[in-house]
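# Examination of the molecular architecture
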Amino acid sequence: MVVVAYRQFRNFDPPQILRLWNESGLGRGAATGISCDEFDGLVIAQTYFDPAGLIVATTDNRHLVGFVHVGFGADETKSRLCRKTGVICAVIVDPQYRRQGIGRELIRRAEEFLREAGAETIYGGGADPNDPFYAGLYGGSQPAGFLESDPAAAPFFQAMGYVPFERHLVFQRKLGPGGPEIMCVRMLNAKRQSKLAAATAYEPKDWWWSTRQGRLDSMQLGLMPKAGGSLLARVCVVGLDMYTTSWKMRAIGITGLHVSEHQRRKGYGQLLLDEVCRRVRDEMIQLAEAHAKETDTAAIAVIKSAGFQLVDAGVVYKKAAGAVPSTE
């Protein structure tokens, strides 16, 4: 019988962490083929990275057969961590070592670490504002819990006493040949009155955005009135270069769609998404992705109207009060 030991992260672990990441069948929403430098830049280099929060399972203190990585969400000001909110950002077990209790023990140790650090609520899967790690590496345009295309996630977390807390829908639009061509009267009227422009004055300034999505290539774009005046709508466009190997194409993520309150239902949101897709298509981008909470019916309607199709969904799980993990 294989003896498994558990310890915190050490500096020589990234190559084997990436081996597990690439070989564990995480589904379409995981970036694969990434280098140790890229992993370091997006995960380990975070100012709040704590080696004790990345727990690994080994067979000989060197051969990794699993790991779990936890962190904390942001407070209401998004200027510091909120240690009352713990997040299990990733948990992976080598397929050859599954069903031996390794994942269960990793979660038990992760929960123990979080509670000792002050966590009162524990989520399985990160989503803004509780997504400290893996932006740009899992979830696509932004973390959205554990994706339904990751087949092992739901049964595992439910067996561990977690229940679905919120669901995020993942939409994509193909930008190459055969992609949708969008046009309607409302969008035509919006197009006559506005133009696409950089919206650098509206770039997010909070620490939480900067330390996560700010590590990725991004730009702010918006619609400005042709006659001059305030911004009508804006989005953030994020480069998804880490997914090129997985998806076999260049892609961008569209996040933070916002339409000024007095300009809603006039076609500006639909127009902005379509204009962004047209602009990046000229730069040889082949795919655009956008997310929306399942409860945000307005955002979903705008995204669909701009030619995006539902391709996946992500679920954030929450540890149920008094839950006892299944022994099966």
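All of the points below concern the structure found in this document. (Residues numbered from 1 in each chain as written. Predicted model: local features only at pLDDT ≥ 70, side-chain atom pairs only at ≥ 80, totals over all residues. Heavy atoms only, no water.)

### Re a negative patch on the surface
A contiguous patch of negative charge on the surface is contributed by Asp37, Glu38, Asp40, Asp217 and Asp241. You can see aspartate 217 is positioned in the loop between α6 (207-211) and β9 (218-225). For aspartate 217, a relative accessible area of 57% corresponds to the exposed category. (Patch = residues over 30% accessible without salt bridge, like charges linked within 9 Å, V, L, I, M, F, W, Y side chains within 5 Å. Areas by Shrake-Rupley, 256 points an atom, 1.4 Å probe, with all protein chains shown as cover. Salt bridge = Lys/Arg side-chain N within 4 Å of Asp/Glu carboxyl O. Lys, Arg positive; Asp, Glu negative; His and termini not counted. Charge placed at Lys NZ, Arg CZ, Asp CG, Glu CD. Helix = DSSP H or I, 4+ residues; strand = E, 2+ residues; numbered from the N terminus. Buried < 20%, exposed > 50% of the residue type's maximum accessible area, 1.4 Å probe, protein only.)

### Quick look at the layout of surface pockets
Summary: where empty space remains is shown by rolling a probe the size of a single water molecule over the atoms. What the largest pocket holds in volume is close to 1200 Å³. Lining the largest pocket are 46 residues, and of these Gly256, Leu257, His258, Asp296 and Ala299 lie nearest its centre. Looking at the lining of the largest pocket, the elements that each hand over two or more residues are α6, β10 (233-239), β11 (251-259), α8 (268-281), β12 (287-293) and α9 (297-305). Classifying every residue of the lining of the largest pocket by side-chain character gives 21 nonpolar, 13 polar and 12 charged. Here the second largest pocket is characterised by a volume of approximately 790 Å³. Lining the second largest pocket are 30 residues; nearest its centre among them are Val93, Arg98, Arg99, Ala152 and Phe156. Counting residues per element, the ones that place at least two in the lining of the second largest pocket are β4 (81-93), α3 (102-116) and α4 (153-159). (1 Å grid on protein atoms, 1.4 Å probe; cavity = no way out; pocket = protein on both sides within 12 Å on 5 of 7 lines; lining within 4 Å. Points joined across faces, edges and corners; volume = space filled by probe spheres on them. Nonpolar A, V, L, I, M, F, W, Y, C, P; charged D, E, K, R; others polar.)

### Here's the deal with the side chain of glutamine 220
If you trace the backbone, glutamine 220 turns up in strand β9. Residue glutamine 220 is classed as buried on the basis of its relative accessible area of 8%. Each residue touching glutamine 220, except ones within four places of it in the same chain, is listed here: Ala197, Ala198, Ala199, Tyr202, Glu203, Pro204, Trp209, Val235 and Cys236. (Contact = heavy atoms within 4.5 Å.)

### Looking at the pairing of β4
Within β4, 10 of the 13 residues are buried, leaving the element largely enclosed by the surrounding structure. Strand direction decides the pairing type here: strand β3 (residues 64-74) and β4, joined by 9 bridges, are antiparallel. The residue bridging valine 68 from the neighbouring strand is valine 91, located in β4. Hairpin connection between β3 and β4: a loop of 6 residues separates the two successive antiparallel strands, and lysine 78 in this loop has a positive phi of roughly 55°. Here 4 bridges tie β4 to strand β5 (residues 121-124), and the two strands are oriented parallel to one another. From the neighbouring strand, threonine 85 faces β5, where its bridge partner is threonine 121. Once you follow β4 into α3 and on to β5, the crossover reads as right-handed. (Pairing = 2+ DSSP bridges. Right-handed = clockwise from strand over helix to strand, strands pointing away.)

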